[in-house]
Amino acid sequence: MSLKLKVNNLFWSAGNKNIVNDASLEVKAGEFVGIIGPNGSGKSSLLKCVYRLNKQDKGIINLDNYNIWEMSAKEFARRAAAMPQEMPKQFDFTVREIAAMGRYPHKKIIERNNKRDYELIDNALNYVGMLEKSDRMFSSLSGGEKQRSLIARAIAQDTELLILDEPTNHLDIYFQLQIMDLIKNLGVASLVVMHDLNLAAKYCDKIYVMNKGSIYASGRPSEIITPELISSVYKVKAEIINNSGSPHIIFLGINN
């Protein structure tokens with residue numbers, strides 16, 4: 001399994017405050033890798049460095065063995081597709097137009113979409129179940145439909161790495177499972193910040209746990225998700241039940 005993404009000894013600060021401290025991680029081809037941790041632990045800040053919204057203070061981020069900051073923005077977008085946590089407040093585009101945005105990195109300035117582009121767009125919309133709603137305006141969609149439309153854009157981008165920041169945020173459990181199934185079944189390398197520990201345990205091949213800006217633990221969910229880790233990182237008592245190979249967490253209350 002070849003390596004897609006490698007982050008080495010990354011530091012990032014905002015003002016005079018250190019947010020990410022000496023973080024290292026890697027994602028191999030086809031792996032679904034999650035980043036979990038309490039609020040304010042640096043998860044989204046780390047991810048923003050990976051998809052080039054923020055430039056790290058120290059450390060190296062390599063994608064396919066190339067330093068991401070030595071790539072042009074277009075070249076990076078041809079290799080990785082990002083879906084930030086915050087959705088645009090006003091998106092006056094149709095679902096199809098949003099999915100078509102995924103083809104922009106592959107086009108010259110005035111080059112129009114061709115037959116293959118339209119096929120990739122239709123395939124992406126069909127995969128997420130939004131083809132029949134492709135003429136709907138983004139602003140008219142439900143939360144789950146908006147997330148699926150943005151995932152269609154990432155799929156249409158036709159990259160081998162997805163970088164997603166809490167893609168199930170604000171969704172009910174049905175849409176959470178639906179979105180996670182869609183991403184997992186793509187079979188591409190995925191780096192995903194996740195809030196729900198049970199979803200992370202169910203879907204991730206590997207998990208990195210962040211705490212106070214640093215990587216606290218990493219490994220397979222069955223190896224690292226323990227009552228001791230949850231107590232130490234989240235300050236919560238928990239019981240772990242192993243269900244079909246993945247741990248299921250039952251929260252018992254906050255630490256006294």
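See the structure shown above.
How each quantity is defined
- Residues numbered from 1 in each chain as written.
- Predicted model: local features only at pLDDT ≥ 70, side-chain atom pairs only at ≥ 80, totals over all residues.
- Heavy atoms only, no water.
- Phe/Tyr/Trp six-rings, centres within 6.5 Å; stacked < 30°, edge-to-face > 60°.
- Lys NZ or Arg CZ within 6 Å of the ring centre and 35° of its normal.
- Helix = DSSP H or I, 4+ residues; strand = E, 2+ residues; numbered from the N terminus.
- Expected span 1.5 Å × (residues − 1).
- Contact = heavy atoms within 4.5 Å.
- Salt bridge = Lys/Arg side-chain N within 4 Å of Asp/Glu carboxyl O.
- Polar contact = N/O pair within 3.5 Å; in protein donor to acceptor, adjacent residues only side chain to side chain.

Turning our eyes to something else, we now look at the packing of aromatic side chains. Scanning the entire structure with this criterion turns up 1 aromatic pair. Between the aromatic rings of tyrosine 174 and phenylalanine 175, the centroid separation amounts to 5.3 Å while the plane-to-plane angle is 85°, which identifies the pairing as edge-to-face. Lying over the aromatic face of tryptophan 69, arginine 52 brings its terminal NZ or CZ to 4.9 Å of the ring centre. Here lysine 202 stacks its cationic end above the ring of tyrosine 203, 5.4 Å away from the centre of that ring.

Let's shift gears to helix 6 (residues 173–186). Between its first and last C-alpha atoms helix 6 spans 20 Å; for 14 residues at 1.5 Å apiece the expected length is 20 Å, and the two agree. Check the buried side of helix 6 and you find it contacts strand 3 (32–36), helix 4 (115–127), helix 5 (143–156), strand 7 (161–165), strand 8 (189–193) and helix 7 (197–203). Of the residues trailing helix 6, glycine 187 is marked for its positive phi of about 80°.

In this structure the tally under the stated criterion is 12 salt bridges. What emerges from the salt-bridge pattern is a single network uniting Lys4, Asp64, Glu75, Arg79 and Glu160.

With that out of the way, let us pick up the environment of aspartate 172. Among the structural elements, aspartate 172 can be located in the loop between strand 7 and helix 6. It is 23 Å that separates the C-alpha atoms of aspartate 172 and glycine 253, two residues lying 81 residues apart in sequence.

Along the chain, arginine 52 turns up in the loop between helix 1 (43–50) and strand 4 (58–63). In this structure the side chain of arginine 52 is engaged in a polar contact, spanning 2.9 Å, whose partner is the backbone oxygen of methionine 71. Each residue touching arginine 52, except ones within four places of it in the same chain, is listed here: Ile68, Trp69, Met71, Ser72, Ala73 and Phe76.

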